[in-house]
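Read off the chains here:
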Amino acid sequence: MALLVVPVLEIAAIIAVGKAIGGWQTLLLLLVESALGAWLVRREGARAWAALNTALRTGQMPSRQLSDAALVLVGGTLLLAPGFLTDVVGFFFILPFTRPFARTLLEAAVAKRLLGGFSSRWGSGPGGTGAGPMGPGGTRGPGGTGRGPDVVDGEVL
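Residues numbered from 1 in each chain as written. Predicted model: local features only at pLDDT ≥ 70, side-chain atom pairs only at ≥ 80, totals over all residues. Heavy atoms only, no water.

Draft legend 1. Structural detail: the UniProt feature "transmembrane region" (unreviewed entry) in the chain. Sites flagged by UniProt as "transmembrane region" (unreviewed entry) map to residues 70-95. Regarding residues 70-95, the helix share stands at 85% and the strand share at 0%, and the terminal C-alpha atoms are separated by 13 Å. (UniProt positions renumbered as here; feature names shortened; annotations may be inferred. Helix = DSSP H or I, 4+ residues; strand = E, 2+ residues; numbered from the N terminus.)

See below:
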């Protein structure tokens, strides 16, 4: 759906800007945005890569650095597409002062995607009870052991 809607919106935006400021000025604006975007992607991509290498070298979990690198990659891809709307979103993903907000949105989308579809007997996803292993009302599972009905006591030799 987005593959059909975004190009139509981009063409409409380019036509509207062209009517407001003129055709040559619109073309010049698109070229300036592309050049600025290419420079910014190169600079922020190098920074994200250096931060990722530093985190890996020091043994830290590089979650922030990986999300920054992903945002720079997606933002750079959006800046490659000609148009004003994709450029706005691309700059939002790449600029250092807007990227923390974009990172928060990315983390929320990933969490919703990963955790929203989770379903198990004890889980809180669709079909789950949301009670967890303690059961509703804080009681333990069957028999008061805290174990589910499929647990068999035994010994490993």
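Now that the structure is up, let's keep going.
Draft legend 2. Structural view of the packing of helix α4 (residues 84-94) against helix α5 (residues 99-116). It is the contact of α4 with α5, at a shortest axis distance of 6 Å, that shows an interaxial angle of 95°. Relative to α5, α4 is oriented roughly perpendicular. For the pair α4 and α5, the contacting residues are Phe 92, Phe 93 and Ile 94 in the first and Arg 99, Phe 101, Ala 102 and Leu 105 in the second. Here the contact of α4 with α5 is composed, by residue class, of six nonpolar, no polar and one charged. (Axes fitted to C-alpha atoms, helices over the stretch in contact; angles between N-to-C directions. Parallel < 35°, antiparallel > 145°, perpendicular 65-115°, else oblique. Contact = heavy atoms within 4.5 Å. Nonpolar A, V, L, I, M, F, W, Y, C, P; charged D, E, K, R; others polar.)

Draft legend 3. Structural view of the confidence of the model for the chain. Considering every residue of the chain, the mean pLDDT works out to 82; 78% of them sit at 70 or more. For the chain, per-element mean pLDDT is lowest for α5, which scores 90, and highest for α4, which scores 95. Under a pLDDT of 50 for its full length, residues 119-141 has, in the predicted model, 35 contacts with residues more than four places off or in other chains. (pLDDT = per-residue confidence, 0-100.)

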